[in-house]
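Commentary on secondary and tertiary structure
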Protein chains: 2
Amino acid sequence: MDRSERILMAHGAGGYIMHKLIKEHILSILPRDSFEVGLHALDDSAVVNGVIFKSDSYTVKPLFFPGGDIGRLAVSGTVNDISVMGGEPIALSLALILEEGFPIDDLDRIIHSIADTCREADVYVVTGDTKVVEKGSLDGCIVNCSGIGRRSRYLDYNFDIVRRFRRDFKARWILDSNVKPGDKIIVSGTIGDHGVAILSCREGYGFESSVRSDVRPLNKMIEKALSVGGIVAMKDPTRGGLANLLNEWSEKSGVGILVREEDIPVRDGVRAACEMLGIDPLEIGNEGKVVIAVVAEMAEEILEALREAEGGEDAAIIGEATDEFEGVAMETLIGGRRIIPPPLGDPVPRIC
Amino acid sequence: MDRSERILMAHGAGGYIMHKLIKEHILSILPRDSFEVGLHALDDSAVVNGVIFKSDSYTVKPLFFPGGDIGRLAVSGTVNDISVMGGEPIALSLALILEEGFPIDDLDRIIHSIADTCREADVYVVTGDTKVVEKGSLDGCIVNCSGIGRRSRYLDYNFDIVRRFRRDFKARWILDSNVKPGDKIIVSGTIGDHGVAILSCREGYGFESSVRSDVRPLNKMIEKALSVGGIVAMKDPTRGGLANLLNEWSEKSGVGILVREEDIPVRDGVRAACEMLGIDPLEIGNEGKVVIAVVAEMAEEILEALREAEGGEDAAIIGEATDEFEGVAMETLIGGRRIIPPPLGDPVPRIC
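If you're wondering where the values come from, they're calculated on a predicted model, not measured in any experiment.

Cut-offs used in this document
Residues numbered from 1 in each chain as written. Chains lettered and ligands numbered in written order. Predicted model: local features only at pLDDT ≥ 70, side-chain atom pairs only at ≥ 80, totals over all residues. Heavy atoms only, no water. Buried < 20%, exposed > 50% of the residue type's maximum accessible area, 1.4 Å probe, protein only. Helix = DSSP H or I, 4+ residues; strand = E, 2+ residues; numbered from the N terminus. Pairing = 2+ DSSP bridges. Contact = heavy atoms within 4.5 Å. Axes fitted to C-alpha atoms, helices over the stretch in contact; angles between N-to-C directions. Parallel < 35°, antiparallel > 145°, perpendicular 65-115°, else oblique. Nonpolar A, V, L, I, M, F, W, Y, C, P; charged D, E, K, R; others polar. Phe/Tyr/Trp six-rings, centres within 6.5 Å; stacked < 30°, edge-to-face > 60°. Lys NZ or Arg CZ within 6 Å of the ring centre and 35° of its normal. Least-squares fit on C-alpha atoms with pLDDT ≥ 70 in both. Buried area = accessible area lost by both parts, 1.4 Å probe. Salt bridge = Lys/Arg side-chain N within 4 Å of Asp/Glu carboxyl O. Polar contact = N/O pair within 3.5 Å; in protein donor to acceptor, adjacent residues only side chain to side chain. Core = buried A, V, L, I, M, F, W, Y, C linked by side-chain atoms within 4.5 Å. Domains from an automatic or database assignment. Disulfide = S-S within 2.5 Å.

Focus: the pairing of strand 7 (residues 141-151) of chain A
Residue and element names in this part refer to chain A. In terms of burial, strand 7 is largely enclosed, as 10 of its 11 residues are buried. Two strands pair when backbone bridges link them, and strand 2 (residues 51-58) and strand 7 are joined in this way by 7 bridges, in the antiparallel orientation. Among the inter-strand pairings, aspartate 56 is bridged to a residue of strand 7, identified as cysteine 145.

Focus: the environment of B:Lys180
Residues and elements named next belong to chain B. Among the structural elements, lysine 180 can be located in the loop between helix 4 (155-165) and strand 8 (184-187). Given the relative accessible area of 38%, lysine 180 is considered partly exposed. Along the sequence, lysine 180 and serine 253 sit 73 residues apart, while their C-alpha atoms lie 7.1 Å from each other. Discounting residues that sit within four places of it in the chain, lysine 180 has contacts with Arg166, Val255 and Ala321.

Some thoughts on the packing of helix 4 of chain B against helix 6 (residues 219-228) of chain B
All names here are of chain B. Look at helix 4 against helix 6: their axes get within 7 Å of each other, and the N-to-C directions meet at 45 degrees. Relative to helix 6, the element helix 4 lies oblique. Residues Leu155, Tyr157, Asn158 and Ile161 of helix 4 lie in contact with helix 6, whose contacting residues are Leu226, Ser227 and Val228. Along the lines of polarity and charge, the residues of the contact of helix 4 with helix 6 split into 5 nonpolar, 2 polar and no charged.

Details of the packing of aromatic side chains
Geometry of an aromatic ring pair is reported as the spacing of the ring centres plus the angle between the planes. As enumerated under the stated definition, the model contains 4 aromatic pairs over all chains in all. Judged by centre distance (5.3 Å) and plane angle (35 degrees), the ring pair of A:Phe159 and A:Phe169 falls under tilted. One end of the pair, A:Phe159, is in helix 4 (residues 155-165); the other, A:Phe169, is in the loop between helix 4 and strand 8 (184-187), and 10 residues separate them in sequence. Here B:Lys131 stacks its cationic end above the ring of A:Tyr58, 5.3 Å away from the centre of that ring. When the ring centre of B:Trp173 is taken as origin, the NZ or CZ atom of B:Arg151, which lies over that ring, is 4.7 Å away.

What about the relation of the copies chain B and chain A?
With an axial shift of 0.0 Å and an RMSD of 0.0 Å, the rotation relating chain B to chain A amounts to 180 degrees. In short, the pair behaves as if placed about a two-fold rotation axis. Identified as the residue of chain B closest to the rotation axis by C-alpha distance is B:Leu138, at 2.4 Å. Comparing interface residues between copies, 100% of those in chain B also lie at the interface in chain A; the contact surface is shared.

What about the interface of chain B and chain A?
Where interface size is quoted, it is often the accessible area lost as the parts come together. Opposite the 79 residues of chain B that make contact, chain A presents 79 residues. Both sides of the chain B and chain A interface together cover about 6900 Å² of buried area, and 67% of this is carbon and sulfur. Summed over the three residues of chain B that lose the most area to chain A, namely B:Ile7, B:Phe53 and B:Ile104, the buried surface amounts to 10% of that side. Put simply, chain B and chain A have 8 salt bridges between them. A salt bridge links A:Lys131 to B:Asp56; the nearest nitrogen and oxygen atoms lie 3.9 Å apart. Taken together, the connections running from chain B to chain A amount to 28 residue pairs in polar contact (both at pLDDT 80 or more). For the side of chain B that touches chain A, the secondary-structure elements that each account for two or more residues are helix 1 (16-27), strand 1 (46-48), strand 2 (51-58), strand 5 (87-99), helix 3 (104-121), strand 6 (124-133) and strand 7 (141-151) of chain B. Of the residues in the side of chain B that touches chain A, the class split is 41 nonpolar, 20 polar and 18 charged.

A few points about the nonpolar core
Counting residues in each nonpolar core, the largest one holds 113 residues, and the members touching the most others are B:Trp249 and B:Ile292. No other element matches the 8 residues that helix 3 of chain B contributes to this core. Per-domain counts for this core show at least three residues from each of domain 1 (42-151) and domain 2 (155-339) of chain B. When residues no more than four places from it in sequence are discounted, the contact partners of B:Trp249 are B:Asp176, B:Val179, B:Ile185, B:Ala233, B:Met234, B:Lys235, B:Gly254, B:Val255, B:Ile257, B:Val291, B:Ile292 and B:Ala293. One finds A:Ile82, A:Ala243, A:Val255 and A:Val294 within the second-largest nonpolar core, a separate group that totals 68 residues.

Some words on the sheet that holds strand 1 of chain B
All names here are of chain B. Ordered in space as 1-2-7-5-6, the 5 strands form an open sheet in which the pairing is mixed. Edge positions in the sheet fall to strand 1 and strand 6, since each has one partner strand and no second. Each strand of the sheet is rotated relative to its neighbour by a mean of 20 degrees, with strand direction disregarded. Pairing of strand 5 with strand 6, which is carried by 9 bridges, proceeds in the parallel orientation. Within the sheet, the bridge partner assigned to leucine 94 lies in strand 6 and is glycine 128.

Notes on the state of the cysteines
Residue and element names in this part refer to chain A. A full pass over the atoms with the stated rule returns 0 disulfides over all chains. The cysteine cysteine 118 is free of any disulfide, with cysteine 145 supplying the nearest cysteine sulfur at 7.2 Å. Its relative accessible area of 0% is what places cysteine 118 among the buried residues. Looking at the unpaired cysteine 352, the closest cysteine sulfur is the one in cysteine 145, lying at 13 Å.

Examining the domain arrangement of chain A
Residues and elements named next belong to chain A. What the domain assignment reports for chain A is domain 1 (42-151) and domain 2 (155-339). Taking only C-alpha atoms, the centre of domain 1 and the centre of domain 2 are 23 Å apart. Contact with domain 1, which involves 30 residues of that partner, is made by 32 residues of domain 2. Approximately 2600 Å² of surface area, both sides summed, lies buried where domain 1 meets domain 2, with 55% of it carried by carbon and sulfur atoms.

Looking at the side chain of B:Glu320
Residue and element names in this part refer to chain B. Relative to the helices and strands, glutamate 320 is located in strand 12 (residues 316-322). With a relative accessible area of 18%, glutamate 320 lands in the buried category. A polar contact of 3.1 Å, which involves the side chain of glutamate 320, links it to the side chain of arginine 260. If we skip the residues at most four places from it in the chain, glutamate 320 touches Gly182, Asp183, Lys184, Ile185, Gly256, Ile257, Leu258 and Arg260.

A look at the pattern of salt bridges
Using the criterion set out here, one finds 64 salt bridges over all chains in the structure. Of the charged contacts in the structure, one is a salt bridge between A:Asp156 and A:Arg151, with a shortest N-O distance of 2.7 Å. Overall, the relative accessible area of 45% leaves A:Asp156 in the partly exposed class. Here B:Glu88 makes a salt bridge to B:Arg150, at a shortest N to O gap of 3.4 Å. You can see B:Glu88 sitting in strand 5 and its partner B:Arg150 sitting in strand 7, a full 62 residues away along the chain. Ionic contacts of the salt-bridge type, sharing partners, join the residues A:Lys54, A:Asp56, A:Asp81, A:Arg239, B:Asp129 and B:Lys131 into one network.

Quick word on the sheet that holds strand 1 (residues 46-48) of chain A
Residues and elements named next belong to chain A. Overall, mixed pairing links the 5 strands, which are arranged 1-2-7-5-6 in an open sheet. The two strands at the open ends of the sheet, each matched to only one other strand, are strand 1 and strand 6 (124-133). Direction aside, the axes of adjacent strands within the sheet are offset by 20 degrees on average. Looking at chain direction, strand 5 (residues 87-99) and strand 7 are connected through 11 bridges and run antiparallel. Paired with leucine 96 across the two strands is valine 143, which belongs to strand 7. Across the sheet, helix 2 (residues 70-83) is in contact with strand 2, strand 5 and strand 7; its angle to strand 7 comes to roughly 30 degrees.

The following block contains the structure:
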């Protein structure tokens, strides 16, 4: 029997098990940097000498799914991670790893999708890399998309508005650790769409769904929200979904977070699929949604701005930060209150 | 019969076939940027608003090889690509893709190697990503390492020295397109070591070798050379080796390049392995060597600086750029002259 520890699918699923691996086997070994926002912050992007820097690999399966593909996903995912720090994405890299035998027609579809999404987000691919591995060593195609960005022109204004209501606010970036009791929590739309869309077209699940992925670049929506002002934290609920996101904020900011089930927007098709499969829509990954923590006084204005933006029509205030308890809790539809623990991992593997 | 075009191993092998794929299926589709050094330059890194930006994925097989491993390779490769633009690497990203079942002990070895190489190069990993794919979908581990850097503090001085001898020199970065007739070509040491080391430990080749990979970060050696001054072009001869590098310079700079076989340093073990396998050491990838084009008047001083640096003991002037012919040619040991064509690809697959 092989007694040594081995990597499990859950080590890449965005929840507690992944964070434990990263802390114990990566953070503890790498030299510690002293940049503005460095590795140890484990935030969405790093900030190095004023440059926002982010890298993500995309292993989504299948490569083409209802509402998107790996190319649109790669550009959107990296653009969104830069944007939620208060950054304006400028340039991306594109590193392709292809399996020998991969159809060049499929490559063309992916590159066209990357081009279209770059135009939509107003960013450029400026550098790249192409590797090929032998047939059987990879599921067709893996994409890494890294990116750099600069400070949003609205970020200082946004923080001016924050300080109007919270005089002691000092952060220079939108960070997971900025949430304070009283802040309102807003989600920009329905949750669970991406993960359920991926599930719906995987072999063997045998259910059909009209649910499409929500994958999209959010930088323009986020810029609009920052121009309103009052935002303290912002994050896209990808692997591990809303449950993971709220627990990260709760832990890093040292606050409790209370959300109301009736206010969390979930499409009927997503709810039905989740009930059938016994999975929690709060733990499913999204790729075109942002969750915002905002000083209470500005919550309605931010909500309005999101609802006016494309893809933000279903935005909703879903709860608030509190000092009455630790962790994350939800008031359920039937009036009870249940703890939302950090998910061990996303229930749907390889959504991104 | 499936008549559609498919990806071949050669599409990732760094030579003519890869460059054709990139030009026809990537460059022609993506929106064209207008940055200082953008995608269409196809140089080692991009330069965006003064920030040097680079991304590379590493699929080397095996993960551990004589003289190095995928972790040391990833840090060195990205550091070197930033350095050869005239950049000082600052921060790296680390995106891991792991196969389910991968031993965590092996992950630890790789991360320790990354940490050691970061210390050696004086750079930090500041952001990252971890993905896991099902057993059988990947050969253990793939690493993407992207990086950002700033303009080297010696770059302006270096160009001042260039302009002392070439008054009309205008480039602001060390580019493949900067070579002019008369420039001397210097290699920082023996070639072919990395590719032959990888070959020597692959299953099925059945030959043993004492050759070790040369993989190492070159930023300190390069900084030293820039502080001497006079460098116009600089590149690391990775996939496709010296033959690919010289052909890229020849094409992008519109010059001929003549090298002398007797001056190109090749270890006996590398030469023996190449003869046995019928491959050309000029086409084999290196991971710890840099090739420099320098104004002739400064060639001896640059050579001396390289020889004083760790890993540069075998540096040699191997030839010069010329306007007497197009393309790349080599004076052979027996006194003839042969054309060095752009290699179709590296003869050793998956060296990086």
